[in-house]
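# Examining the three-dimensional arrangement
The primary structure of each chain is shown beneath.
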Amino acid sequence: MADVIERTKPGRRKFVSTWWRMGLAAGISRLIPWENAGLLAQASPHTERRLVRSVRPQDLETPVALLNSWITPNDAFYVRSHLDTPSVDLGSWSLTVDGDVERPLTLKMADLRRMPSVSTPVTLECAGNGRAFFDPPVAGAQWQKGAVGNAHWTGVHLADVLKRAGLKTSGRYVWLDGVDRPMGAVPDVVRQLPLGKAMHADTILAYEMNGEPLPVANGFPLRAIVPGWEAAYSVKWLTHVQVSDREHEGFFVQTAYRYPRMPVAPGATVEPRDMAPLTGLTVKSLITSPLEGATMPPGTIKVAGFAWAGEATIVRVDVSTDNGSTWSPATLGNDRAPYAWRQFQFSWRVKTPGSYLILTRAADDRGRVQPLVAQWNPGGYLFNAVDRVRVNVG
Ligand SMILES: Nc1nc2c(c(=O)[nH]1)N[C@H]1C(S)=C(S)[C@@H](COP(=O)(O)O)O[C@H]1N2
Ligand SMILES: [Mo]
């Protein structure tokens with residue numbers, strides 16, 4: 001089923017074939033339809049700093065070299081979309097809140113901006129980040145390390161919107177739907193939050209990212225930010241919030257973003273009844289310096305990066321430069337917020353020239369520790385093996 005939603009399969013051959021199919025189906029003149037011309041210009045190879053994993057839908061990965069600041073700039077932030085990016089006209093846009101509520105609402109952006117605002121840094125990570133590293137390979141967007149970023153989000157509490165509409169006691173789920181529409185075999189993206197997470201004070205509807213209106217690709221004019229949970233919950237281009245007494249029946253709730261209830265053998269097929277919805281992110285670290293393949297003289301080398309753990313708190317990051325035989329604690333950075341990644345730094349003194357593997361292993365306040373080998377699963381989700389970077393000293 002992953003095939004249906006994630007059409008970019010492992011390997012370069014398949015990436016090329018995506019282009020080939022697009023060319024065949026659309027004809028070169030229709031490769032850039034008018035409604036997408038602005039978008040693609042934005043993502044043109046001349047100015048685009050991100051790695052283009054897919055053009056339609058638009059999937060852009062942040063190169064690790066651009067993940068070197070606590071806040072990821074908007075033009076470097078990864079993009080993951082299942083469907084064509086809609087361009088929304090703010091004048092005709094509105095947010096509908098209905099379902100099991102006392103007073104269905106239609107809110108314009110001005111209405112939202114008049115409500116009490118909240119601004120908070122949250123790290124978003126795609127559940128499929130690191131999918132490319134699973135063995136055997138898993139079909140889907142072949143994200144390596146950069147389907148993650150940390151931004152300041154400004155908006156309103158989802159709970160305030162729901163309270164304004166007045167929840168009926170029958171409400172158990174909140175369905176989130178955006179403007180994007182089904183494309184080919186890919187169905188509409190509708191996601192659902194259990195009421196508890198929807199009403200949580202930290203769950204927001206954001207209209208700004210790093211102090212600017214949301215970029216089109218990241219959900220303009222409004223998106224959910226569901227902190228600590230895999231980013232598919234953070235629905236973009238939001239237009240409809242529906243409270244319901246039952247589960248949504250769509251593909252993106254019932255089939256996608258599910259994870260085996262118990263560890264499975266790599267390559268195994270798992271019955272749908274043995275799969276449960278993903279929620280929170282796992283514990284993970286990313287080395288942002290030095291970069292893979294870097295060459296440095298012997299001496300003191302600064303190893304740095306970020307660690308995050310979804311709703312949990314990072315308590316420790318350890319570094320190994322001897323293939324995991326010994327580990328030393330890194331220093332954690334001062335920038336911190338509940339759902340934001342935390343910087344780590346380590347001064348590595350190395351005298352002997354050679355080729356070295358730098359490993360980092362994060363631990364959180366729930367006792368979770370990054371494993372040496374990530375648990376394989378059919379969706380290729382939550383890859384979190386200790387991070388590794390090979391460098392040359394000498
Ligand atoms: N409406 C809509 N919202 C969406 C998606 C989508 O395809 N449509 N993709 C989701 C997924 S899978 C991820 S990882 C995040 C990515 O957010 P970003 O593009 O701002 O990085 O948006 C989520 N919200
Ligand atoms: Mo995602």
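Whatever comes next refers back to the structure up there.
In this report, the structure presented in the accompanying data block is examined. (Residues numbered from 1 in each chain as written. Chains lettered and ligands numbered in written order. Predicted model: local features only at pLDDT ≥ 70, side-chain atom pairs only at ≥ 80, totals over all residues. Heavy atoms only, no water.)

### Thoughts on the site of ligand 1
Around ligand 1 sit 19 residues in total, of which Tyr78, Asp180, Asn218, Arg223 and Lys236 are the nearest. In this structure, histidine 82 approaches ligand 1 through a main-chain N or O atom, which is 2.8 Å from an oxygen atom. In isolation ligand 1 exposes 530 Å². Once the protein is present, 100% of that is buried. Split by residue class, the shell around ligand 1 holds 11 nonpolar, 4 polar and 4 charged. (Near = heavy atom within 4 Å. Polar contact = N/O pair within 3.5 Å; in protein donor to acceptor, adjacent residues only side chain to side chain. Areas by Shrake-Rupley, 256 points an atom, 1.4 Å probe, with all protein chains shown as cover. Nonpolar A, V, L, I, M, F, W, Y, C, P; charged D, E, K, R; others polar.)

### Notes on the sheet that holds strand 18 (residues 299–308)
Taken in spatial order, the 4 strands make up an open sheet running 16-18-22-21, and their pairing is antiparallel. Looking at which strands have only one partner, the edges of the open sheet turn out to be strand 16 (284–289) and strand 21 (331–332). Both strand 16 and strand 18 contribute to a ladder of 5 bridges, which runs antiparallel. Looking at the pairing, lysine 284 lines up with tryptophan 308 of strand 18. (Pairing = 2+ DSSP bridges. Helix = DSSP H or I, 4+ residues; strand = E, 2+ residues; numbered from the N terminus.)

### Section: helix 5 (residues 158–165)
Every buried residue of helix 5 is accounted for by Leu158, Ala159, Val161, Leu162 and Ala165. Burial along helix 5 is one-sided: seen end-on, the buried residues are contained in an arc of 160°. One or two residues past the end of helix 5 sits glycine 166, with phi positive at roughly 80°. (Buried < 20%, exposed > 50% of the residue type's maximum accessible area, 1.4 Å probe, protein only. Arc of directions from axis to C-beta.)

### Focus: the side chain of aspartate 177
Structurally, the position occupied by aspartate 177 is in strand 8 (residues 173–178). Lacking a salt bridge, the buried aspartate 177 has arginine 181 as its closest oppositely charged neighbour, with an N-O distance of 4.4 Å. Once you skip the residues sitting within four places of it in the chain, aspartate 177 turns out to touch Asp188, Val189, Val190, Val235, Trp237, Leu238, Thr239 and His240. (Lys, Arg positive; Asp, Glu negative; His and termini not counted. Salt bridge = Lys/Arg side-chain N within 4 Å of Asp/Glu carboxyl O. Contact = heavy atoms within 4.5 Å.)

### Some points on the pairing of strand 18
Extensive coverage of strand 18 is indicated by the burial of 7 of its 10 residues. Note that strand 18 and strand 22 (residues 342–350) share 9 bridges and pair antiparallel. Along strand 22, the bridge assignment pairs glycine 305 with phenylalanine 344.

### Here we look at the sheet that holds strand 3 (residues 79–80)
Backbone-to-backbone hydrogen bonds pair the strands of a sheet. The strands run either parallel or antiparallel. If you trace the 3 strands from one edge of the open sheet to the other, you get 1-2-3, paired in antiparallel fashion. With one partner strand each, in any of the chains shown, strand 1 (51–54) and strand 3 form the two edges of the open sheet. In this sheet, strand 2 (residues 59–61) lies alongside strand 1 in antiparallel orientation, the contact comprising 3 bridges. Across the sheet, valine 52 pairs through a bridge with leucine 60, a residue of strand 2.

### Here's the deal with the packing of aromatic side chains
Tallied over the entire structure, the rule returns 11 aromatic pairs. Measuring from ring centre to ring centre gives 4.9 Å for tryptophan 229 and tyrosine 233, while their planes differ by 70°; the resulting arrangement is edge-to-face. With 5.7 Å between their ring centres and 55° between their planes, tryptophan 308 and tryptophan 341 make a pair best called tilted. Of the two residues, tryptophan 308 is situated in strand 18 and tryptophan 341 in the loop between strand 21 and strand 22; the sequence distance between them amounts to 33 residues. (Phe/Tyr/Trp six-rings, centres within 6.5 Å; stacked < 30°, edge-to-face > 60°.)

### Looking at the pairing of strand 24 (residues 387–393)
The side chains of a regular strand alternate, residue by residue, between the two faces of the sheet. Side chains Asp387, Val389, Val391 and Val393 project from strand 24 onto a buried face, and the interleaved Arg388, Arg390 and Asn392 project onto a face without burial. Pairing geometry for strand 17 (residues 295–296) and strand 24, over 2 bridges, is parallel. When the bridges of strand 24 are listed, methionine 296 appears paired with valine 393. Sheet analysis places strand 23 (residues 354–364) next to strand 24, joined by 7 bridges and oriented antiparallel. Paired with glycine 354 across the strands is valine 393, a residue of strand 24.

Everything listed here is a matter of coordinates, which is why it stays silent on function.
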